[in-house]
Amino acid sequence: MTIPSWTLLSQSILSGIFAGALYGLLGLGLGLSWGLLRTINLTHFAFAFLSAYICWQLAVVVKIDPLLTLLCIVPLMFALGAGLHWLTERFKLTPFSSLLLTFGCMGIVESLMQTIWTADPRKLESHYAEMKFRLGPLYLPIPEVLTLVLAIAISLAVWAVLRFTDLGKALRASAEDAPVAAAFGIDQRRNGFVLAGTCSAIAGIAGVCIALSSSISPSQMYTWVGVVFAAVMLGGLGSALGPLIAGIVIGVSEAVTMAVTSPSWAPLVSFTLLILILLLRPGRVR
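Residues numbered from 1 in each chain as written. Predicted model: local features only at pLDDT ≥ 70, side-chain atom pairs only at ≥ 80, totals over all residues. Heavy atoms only, no water.

## Regarding the overall build of the protein
Selection criterion: A run of DSSP states H or I qualifies as a helix once it reaches four residues; a run of E qualifies as a strand once it reaches two. Both are numbered from the N-terminal end. Our radius of gyration looks at C-alpha atoms and nothing else; its globule reference is 2.2 Å times the residue count to the power 0.38. Remark: exposure states derive from per-residue accessible area (1.4 Å probe, protein chains only) relative to the maximum for the residue type, with buried under 20%, exposed over 50%, and partly exposed in between. In what follows, residue pairs with any heavy atoms lying within 4.5 Å of each other are defined as contacts. Areas reported here follow the Shrake-Rupley algorithm with a probe of radius 1.4 Å; residue values treat only the protein chains shown as occluding. Under this rule, positive means Lys or Arg and negative means Asp or Glu; His and the chain ends count for nothing. The location of each charge is read from NZ of Lys, CZ of Arg, CG of Asp or CD of Glu.
The number of helices and strands found in the protein is 11 helices and 2 strands. The linear arrangement of helices and strands in the protein, starting from the amino end, is α-α-α-α-β-β-α-α-α-α-α-α-α. Relative to a compact globule of 286 residues, whose C-alpha radius of gyration would be 19 Å, the protein shows 19 Å and is just as compact. Each principal axis of the C-alpha atoms in the protein carries an extent, and together these give about 60 × 45 × 35 Å. Counting all 286 residues of the protein, 49% fall into the buried class. Excluding contacts between residues fewer than 6 apart, the proportion of contacts in the protein whose partners are at least 24 apart in sequence is 78%. Of the roughly 13,500 Å² of accessible surface on the protein, 71% is carried by carbon and sulfur atoms. Charged side chains in the protein number 16 positive and 12 negative. The centres of these two groups are separated by 6 Å.

Rendered as C-alpha coordinates:
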(Lines give C-alpha, C1' and ligand atoms only; values in the text may rest on other atoms or scores of the structure.)
Protein backbone atom coordinates (compact mmCIF):
# COMPACT_ATOMS: atom_id res chain seq x y z
CA MET A 1 0.00 0.00 0.00
CA THR A 2 1.24 3.48 -0.89
CA ILE A 3 0.19 6.84 0.49
CA PRO A 4 -0.60 9.10 -2.50
CA SER A 5 0.00 12.83 -2.52
CA TRP A 6 -2.94 15.13 -1.87
CA THR A 7 -3.01 16.15 -5.54
CA LEU A 8 -3.03 12.54 -6.74
CA LEU A 9 -5.71 11.59 -4.22
CA SER A 10 -7.88 14.57 -5.21
CA GLN A 11 -7.51 13.76 -8.91
CA SER A 12 -8.39 10.14 -8.18
CA ILE A 13 -11.54 11.18 -6.32
CA LEU A 14 -12.50 13.44 -9.20
CA SER A 15 -11.94 10.62 -11.68
CA GLY A 16 -14.05 8.36 -9.48
CA ILE A 17 -16.90 10.87 -9.55
CA PHE A 18 -16.78 10.98 -13.34
CA ALA A 19 -16.66 7.17 -13.62
CA GLY A 20 -19.46 6.86 -11.08
CA ALA A 21 -21.64 9.24 -13.06
CA LEU A 22 -21.35 6.88 -16.04
CA TYR A 23 -22.16 3.90 -13.82
CA GLY A 24 -25.23 5.76 -12.60
CA LEU A 25 -26.33 6.76 -16.09
CA LEU A 26 -26.09 3.14 -17.27
CA GLY A 27 -27.76 1.90 -14.12
CA LEU A 28 -30.66 4.35 -14.33
CA GLY A 29 -32.40 2.63 -17.24
CA LEU A 30 -31.59 -0.84 -15.95
CA GLY A 31 -32.99 -0.03 -12.49
CA LEU A 32 -36.18 1.54 -13.85
CA SER A 33 -36.82 -1.43 -16.12
CA TRP A 34 -36.20 -3.89 -13.29
CA GLY A 35 -38.10 -2.00 -10.62
CA LEU A 36 -41.11 -0.75 -12.59
CA LEU A 37 -41.46 -3.24 -15.45
CA ARG A 38 -40.10 -6.34 -13.65
CA THR A 39 -37.74 -6.93 -16.59
CA ILE A 40 -34.04 -7.58 -15.97
CA ASN A 41 -32.83 -6.16 -19.26
CA LEU A 42 -29.22 -7.17 -19.92
CA THR A 43 -29.64 -5.92 -23.49
CA HIS A 44 -29.33 -2.50 -21.88
CA PHE A 45 -25.53 -2.93 -21.99
CA ALA A 46 -25.61 -4.10 -25.60
CA PHE A 47 -27.69 -1.09 -26.62
CA ALA A 48 -25.21 1.22 -24.89
CA PHE A 49 -22.24 -0.22 -26.80
CA LEU A 50 -24.18 -0.37 -30.04
CA SER A 51 -24.85 3.34 -29.56
CA ALA A 52 -21.15 3.92 -28.88
CA TYR A 53 -20.26 2.24 -32.17
CA ILE A 54 -22.92 4.16 -34.09
CA CYS A 55 -21.56 7.37 -32.57
CA TRP A 56 -18.03 6.35 -33.64
CA GLN A 57 -19.20 5.50 -37.16
CA LEU A 58 -21.09 8.75 -37.68
CA ALA A 59 -18.33 10.89 -36.16
CA VAL A 60 -15.41 9.26 -37.98
CA VAL A 61 -16.94 8.37 -41.35
CA VAL A 62 -19.73 10.91 -41.80
CA LYS A 63 -17.91 13.63 -39.81
CA ILE A 64 -20.88 14.46 -37.58
CA ASP A 65 -20.26 16.04 -34.20
CA PRO A 66 -20.45 13.22 -31.60
CA LEU A 67 -23.07 15.02 -29.56
CA LEU A 68 -25.25 15.56 -32.64
CA THR A 69 -25.33 11.80 -33.19
CA LEU A 70 -27.75 11.70 -30.26
CA LEU A 71 -30.41 13.05 -32.63
CA CYS A 72 -30.53 9.69 -34.41
CA ILE A 73 -29.26 7.38 -31.65
CA VAL A 74 -31.90 8.32 -29.06
CA PRO A 75 -34.93 7.62 -31.33
CA LEU A 76 -33.32 4.41 -32.62
CA MET A 77 -32.66 3.08 -29.11
CA PHE A 78 -36.16 4.10 -28.03
CA ALA A 79 -37.61 2.02 -30.88
CA LEU A 80 -35.38 -0.97 -30.07
CA GLY A 81 -36.29 -0.81 -26.39
CA ALA A 82 -40.01 -0.61 -27.14
CA GLY A 83 -39.70 -3.52 -29.57
CA LEU A 84 -37.91 -5.67 -26.99
CA HIS A 85 -40.60 -4.82 -24.44
CA TRP A 86 -43.26 -5.95 -26.92
CA LEU A 87 -41.48 -9.32 -27.08
CA THR A 88 -41.28 -9.75 -23.31
CA GLU A 89 -44.88 -8.63 -22.85
CA ARG A 90 -46.15 -10.83 -25.69
CA PHE A 91 -44.91 -13.97 -23.96
CA LYS A 92 -45.58 -12.80 -20.37
CA LEU A 93 -42.04 -13.46 -19.24
CA THR A 94 -41.05 -13.61 -15.58
CA PRO A 95 -38.06 -11.53 -14.39
CA PHE A 96 -35.82 -14.60 -14.52
CA SER A 97 -37.03 -15.51 -18.02
CA SER A 98 -36.43 -11.93 -19.16
CA LEU A 99 -32.88 -12.22 -17.80
CA LEU A 100 -32.27 -15.28 -19.98
CA LEU A 101 -33.90 -13.73 -23.04
CA THR A 102 -32.03 -10.46 -22.81
CA PHE A 103 -28.74 -12.28 -22.17
CA GLY A 104 -29.30 -14.06 -25.46
CA CYS A 105 -30.12 -10.78 -27.18
CA MET A 106 -26.96 -9.33 -25.69
CA GLY A 107 -24.93 -12.06 -27.39
CA ILE A 108 -26.70 -11.44 -30.70
CA VAL A 109 -25.93 -7.72 -30.59
CA GLU A 110 -22.32 -8.46 -29.67
CA SER A 111 -21.98 -10.76 -32.70
CA LEU A 112 -23.56 -8.09 -34.89
CA MET A 113 -21.07 -5.50 -33.69
CA GLN A 114 -18.14 -7.86 -34.25
CA THR A 115 -19.37 -8.58 -37.78
CA ILE A 116 -19.69 -4.90 -38.68
CA TRP A 117 -16.80 -3.34 -36.74
CA THR A 118 -14.64 -6.40 -35.88
CA ALA A 119 -13.42 -7.18 -32.35
CA ASP A 120 -10.56 -4.67 -32.47
CA PRO A 121 -10.77 -1.81 -29.95
CA ARG A 122 -11.67 1.57 -31.43
CA LYS A 123 -11.15 5.04 -30.01
CA LEU A 124 -13.11 8.11 -31.03
CA GLU A 125 -10.65 10.95 -31.54
CA SER A 126 -12.81 14.06 -31.25
CA HIS A 127 -12.09 17.68 -30.43
CA TYR A 128 -13.80 17.12 -27.09
CA ALA A 129 -10.99 14.77 -26.01
CA GLU A 130 -8.47 17.61 -26.30
CA MET A 131 -10.51 20.04 -24.19
CA LYS A 132 -9.81 20.23 -20.46
CA PHE A 133 -10.63 22.59 -17.64
CA ARG A 134 -8.01 23.22 -15.00
CA LEU A 135 -9.00 23.72 -11.38
CA GLY A 136 -5.77 24.48 -9.57
CA PRO A 137 -3.62 21.37 -9.91
CA LEU A 138 -6.62 19.27 -11.02
CA TYR A 139 -7.71 18.52 -14.59
CA LEU A 140 -11.33 18.17 -15.68
CA PRO A 141 -11.64 16.52 -19.12
CA ILE A 142 -14.62 17.82 -21.08
CA PRO A 143 -16.02 14.35 -22.04
CA GLU A 144 -16.15 13.33 -18.37
CA VAL A 145 -17.66 16.67 -17.36
CA LEU A 146 -20.34 16.26 -20.05
CA THR A 147 -21.08 12.77 -18.74
CA LEU A 148 -21.50 14.07 -15.19
CA VAL A 149 -23.77 16.91 -16.32
CA LEU A 150 -25.91 14.60 -18.45
CA ALA A 151 -26.17 12.00 -15.68
CA ILE A 152 -27.31 14.58 -13.13
CA ALA A 153 -29.73 16.28 -15.54
CA ILE A 154 -31.33 13.05 -16.75
CA SER A 155 -31.60 11.59 -13.23
CA LEU A 156 -33.27 14.74 -11.94
CA ALA A 157 -35.62 14.84 -14.95
CA VAL A 158 -36.65 11.21 -14.42
CA TRP A 159 -37.13 11.85 -10.69
CA ALA A 160 -39.38 14.83 -11.46
CA VAL A 161 -41.43 12.84 -13.98
CA LEU A 162 -41.93 9.93 -11.58
CA ARG A 163 -42.87 12.18 -8.68
CA PHE A 164 -44.91 14.99 -10.20
CA THR A 165 -46.52 13.80 -13.45
CA ASP A 166 -49.52 11.57 -14.08
CA LEU A 167 -47.35 9.23 -16.13
CA GLY A 168 -44.89 8.80 -13.27
CA LYS A 169 -47.64 8.18 -10.74
CA ALA A 170 -49.25 5.66 -13.09
CA LEU A 171 -45.96 3.80 -13.55
CA ARG A 172 -45.37 3.62 -9.81
CA ALA A 173 -48.94 2.51 -9.19
CA SER A 174 -48.68 -0.26 -11.80
CA ALA A 175 -45.42 -1.48 -10.29
CA GLU A 176 -46.96 -1.52 -6.81
CA ASP A 177 -50.26 -3.23 -7.68
CA ALA A 178 -50.95 -3.85 -11.36
CA PRO A 179 -54.55 -5.20 -11.06
CA VAL A 180 -55.70 -2.25 -8.93
CA ALA A 181 -53.96 0.22 -11.26
CA ALA A 182 -55.70 -1.35 -14.26
CA ALA A 183 -59.04 -1.15 -12.44
CA PHE A 184 -58.54 2.62 -12.17
CA GLY A 185 -58.07 2.90 -15.93
CA ILE A 186 -54.30 3.09 -16.16
CA ASP A 187 -53.07 1.98 -19.58
CA GLN A 188 -50.22 -0.25 -18.43
CA ARG A 189 -49.41 -1.46 -21.93
CA ARG A 190 -48.85 2.01 -23.35
CA ASN A 191 -46.93 3.18 -20.30
CA GLY A 192 -44.74 0.09 -20.46
CA PHE A 193 -43.74 0.86 -24.04
CA VAL A 194 -42.93 4.45 -23.12
CA LEU A 195 -40.82 3.45 -20.12
CA ALA A 196 -38.99 0.63 -21.93
CA GLY A 197 -38.18 2.92 -24.84
CA THR A 198 -37.01 5.66 -22.50
CA CYS A 199 -34.73 3.26 -20.61
CA SER A 200 -33.09 2.18 -23.86
CA ALA A 201 -32.78 5.80 -24.99
CA ILE A 202 -30.90 6.53 -21.74
CA ALA A 203 -28.63 3.59 -22.56
CA GLY A 204 -28.01 5.23 -25.93
CA ILE A 205 -26.95 8.47 -24.24
CA ALA A 206 -24.64 6.50 -21.95
CA GLY A 207 -23.15 4.82 -25.02
CA VAL A 208 -22.25 8.17 -26.57
CA CYS A 209 -20.59 9.15 -23.29
CA ILE A 210 -18.60 5.90 -23.35
CA ALA A 211 -17.48 6.58 -26.92
CA LEU A 212 -16.35 10.09 -25.97
CA SER A 213 -14.31 9.06 -22.95
CA SER A 214 -12.84 5.61 -23.63
CA SER A 215 -11.98 3.01 -26.23
CA ILE A 216 -14.69 0.51 -27.16
CA SER A 217 -14.82 -3.13 -28.17
CA PRO A 218 -17.84 -5.48 -28.40
CA SER A 219 -16.79 -7.76 -25.53
CA GLN A 220 -16.11 -4.79 -23.25
CA MET A 221 -19.80 -4.55 -22.38
CA TYR A 222 -19.50 -7.56 -20.06
CA THR A 223 -16.99 -5.77 -17.84
CA TRP A 224 -19.67 -3.20 -16.97
CA VAL A 225 -22.31 -5.67 -15.82
CA GLY A 226 -21.06 -6.28 -12.28
CA VAL A 227 -20.36 -2.68 -11.31
CA VAL A 228 -23.62 -1.36 -12.82
CA PHE A 229 -25.63 -4.09 -11.12
CA ALA A 230 -23.98 -3.10 -7.85
CA ALA A 231 -24.96 0.55 -8.43
CA VAL A 232 -28.55 -0.46 -9.19
CA MET A 233 -28.87 -2.72 -6.17
CA LEU A 234 -27.22 -0.21 -3.85
CA GLY A 235 -29.27 2.69 -5.23
CA GLY A 236 -32.58 0.86 -5.24
CA LEU A 237 -34.72 -0.72 -7.96
CA GLY A 238 -36.93 1.82 -9.69
CA SER A 239 -35.09 4.76 -8.13
CA ALA A 240 -34.21 7.77 -10.27
CA LEU A 241 -31.45 9.28 -8.14
CA GLY A 242 -30.25 6.19 -6.27
CA PRO A 243 -28.13 4.63 -9.06
CA LEU A 244 -26.32 7.93 -9.65
CA ILE A 245 -25.46 8.38 -5.98
CA ALA A 246 -24.48 4.72 -5.61
CA GLY A 247 -22.47 4.84 -8.83
CA ILE A 248 -20.47 7.81 -7.59
CA VAL A 249 -19.83 6.07 -4.26
CA ILE A 250 -18.57 2.98 -6.10
CA GLY A 251 -16.55 5.03 -8.58
CA VAL A 252 -14.80 7.01 -5.87
CA SER A 253 -14.15 3.84 -3.87
CA GLU A 254 -12.59 2.17 -6.90
CA ALA A 255 -10.49 5.22 -7.75
CA VAL A 256 -9.16 5.57 -4.20
CA THR A 257 -8.43 1.84 -4.10
CA MET A 258 -6.40 2.14 -7.29
CA ALA A 259 -4.54 5.15 -5.90
CA VAL A 260 -3.47 3.46 -2.66
CA THR A 261 -3.03 -0.13 -3.83
CA SER A 262 -3.08 -1.73 -7.28
CA PRO A 263 -5.59 -1.22 -10.15
CA SER A 264 -6.28 -4.95 -10.09
CA TRP A 265 -7.98 -4.49 -6.69
CA ALA A 266 -10.55 -1.99 -7.97
CA PRO A 267 -13.18 -4.55 -9.14
CA LEU A 268 -13.13 -5.98 -5.61
CA VAL A 269 -15.01 -2.90 -4.41
CA SER A 270 -18.07 -3.20 -6.64
CA PHE A 271 -18.35 -6.99 -6.41
CA THR A 272 -17.95 -6.94 -2.63
CA LEU A 273 -20.74 -4.35 -2.36
CA LEU A 274 -22.95 -6.42 -4.67
CA ILE A 275 -22.40 -9.61 -2.64
CA LEU A 276 -23.05 -7.82 0.66
CA ILE A 277 -26.29 -6.32 -0.67
CA LEU A 278 -27.52 -9.69 -1.92
CA LEU A 279 -26.66 -11.35 1.40
CA LEU A 280 -27.86 -8.67 3.82
CA ARG A 281 -30.78 -7.12 1.92
CA PRO A 282 -32.30 -9.85 -0.26
CA GLY A 283 -35.68 -8.14 -0.15
CA ARG A 284 -34.40 -5.54 -2.59
CA VAL A 285 -34.27 -8.13 -5.37
CA ARG A 286 -37.72 -8.57 -6.82
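Next, the rest of the story.
## Re the nonpolar core
To keep it simple, the criterion reads: To define a nonpolar core, start from buried Ala, Val, Leu, Ile, Met, Phe, Trp, Tyr and Cys residues and group those joined through side-chain atoms within 4.5 Å.
Formed by 80 residues in total, the largest nonpolar core has its most connected members in Phe-45, Trp-224 and Phe-229. Beyond its immediate sequence surroundings of up to four residues, Phe-229 is in contact with Leu-30, Trp-34, Ile-40, Leu-42, Phe-45 and Leu-274.

## Regarding helix α11 (residues 266-280)
Worth spelling out the cut-off: What a helix is expected to span follows from its residue count: subtract one and scale by 1.5 Å. Directions from the helix axis toward the C-beta atoms define the arc.
Under the 1.5 Å per step criterion, the end-to-end length of α11 is 22 Å for 15 residues, consistent within 8% with the ideal 21 Å. For α11, the set of buried residues is Ala-266, Val-269, Ser-270, Leu-274 and Ile-277. Down the axis of α11, the smallest arc covering the buried residues is 120°, so these residues share one side. More than 90 degrees from the buried face of α11, the exposed residues found are Leu-279 and Leu-280. In the core, the buried residues of α11 are packed alongside α9 (225-235) and α10 (242-260).

## Some words on the pairing of strand β1 (residues 132-135)
We count it as follows: Two strands pair if DSSP finds at least two bridges between them.
Inspection of the sheet shows β1 paired to strand β2 (residues 138-141) by 4 bridges, in the antiparallel sense. Across the sheet, residue Phe-133 finds its bridge partner in β2, namely Leu-140.

## Points about the packing of aromatic side chains
What counts, and what does not: Note on ring pairs: Phe, Tyr and Trp rings are taken, using the six-membered ring of Trp, and paired if centres are within 6.5 Å. Classes follow the plane angle, with under 30 degrees stacked, over 60 edge-to-face and the rest tilted. Charge-over-ring placement is defined geometrically: NZ (Lys) or CZ (Arg) within 6 Å of the ring centre, and within 35 degrees of the ring normal.
One pass over the structure, following the stated rule, counts 5 aromatic pairs. For the ring pair Tyr-23 and Trp-224, a centre distance of 5.8 Å and an interplane angle of 75° mean the geometry is edge-to-face. Note that Tyr-23 is positioned in helix α1 (residues 6-37) and Trp-224 in the loop between α8 (188-213) and α9, a separation of 201 residues in sequence. By relative accessible area, which is 11% here, Tyr-23 ends up buried. Ring-pair connections join several aromatic residues into one group, and the members of that group are Tyr-23, Phe-49 and Trp-224. When the ring centre of Phe-91 is taken as origin, the NZ or CZ atom of Arg-90, which lies over that ring, is 5.5 Å away.

## Looking at a nonpolar patch on the surface
To be explicit about the condition: Patch membership needs two things, relative accessible area over 30% and no salt bridge, and members are linked within 9 Å if like-charged or within 5 Å if nonpolar (Val, Leu, Ile, Met, Phe, Trp, Tyr). For salt bridges, the criterion is a side-chain nitrogen of Lys or Arg within 4 Å of an Asp or Glu carboxyl oxygen.
On the surface, Val-60, Val-61, Val-62, Ile-64, Leu-68 and Leu-71 cluster together to form a nonpolar patch covering roughly 520 Å² of accessible area. What makes Ile-64 partly exposed here is its relative accessible area of 30%.

## Comments concerning empty space enclosed by the protein
Here is the rule we go by: Using a 1 Å grid laid over the protein atoms alone, points where a 1.4 Å probe fits but cannot get out form a cavity; open sets with protein on both sides within 12 Å along at least 5 of 7 lines form a pocket; any residue with an atom within 4 Å of a point counts as lining. Grid points are joined across faces, edges and corners, and a volume is the space filled by probe spheres set on the points. Classification used: nonpolar for Ala, Val, Leu, Ile, Met, Phe, Trp, Tyr, Cys and Pro, charged for Asp, Glu, Lys and Arg, polar for all others including Gly.
Under the counting rule described, the total for this entry stands at 1 cavity of 30 Å³ or more. If you trace the largest cavity, you find 13 residues lining it, with Ser-33, Thr-39, Asn-41, Gly-81 and Ala-196 closest to the centre. Elements with a minimum of two residues in the lining of the largest cavity: α1, α3 (70-90) and α8. It is α3 that provides the largest number of residues to the lining of the largest cavity, a total of 4 residues. For the lining of the largest cavity, the per-class residue count stands at 4 nonpolar, 9 polar and no charged.

## Comments concerning unusual backbone geometry
A negative phi holds for most residues other than glycine; trans holds for most peptide bonds. Residues other than glycine seldom take positive phi values, yet Arg-38 does so here, at roughly 60°. Locating Arg-38 in the fold gives a position in the loop between α1 and α2 (43-60).

Geometric values such as these leave the question of function open.
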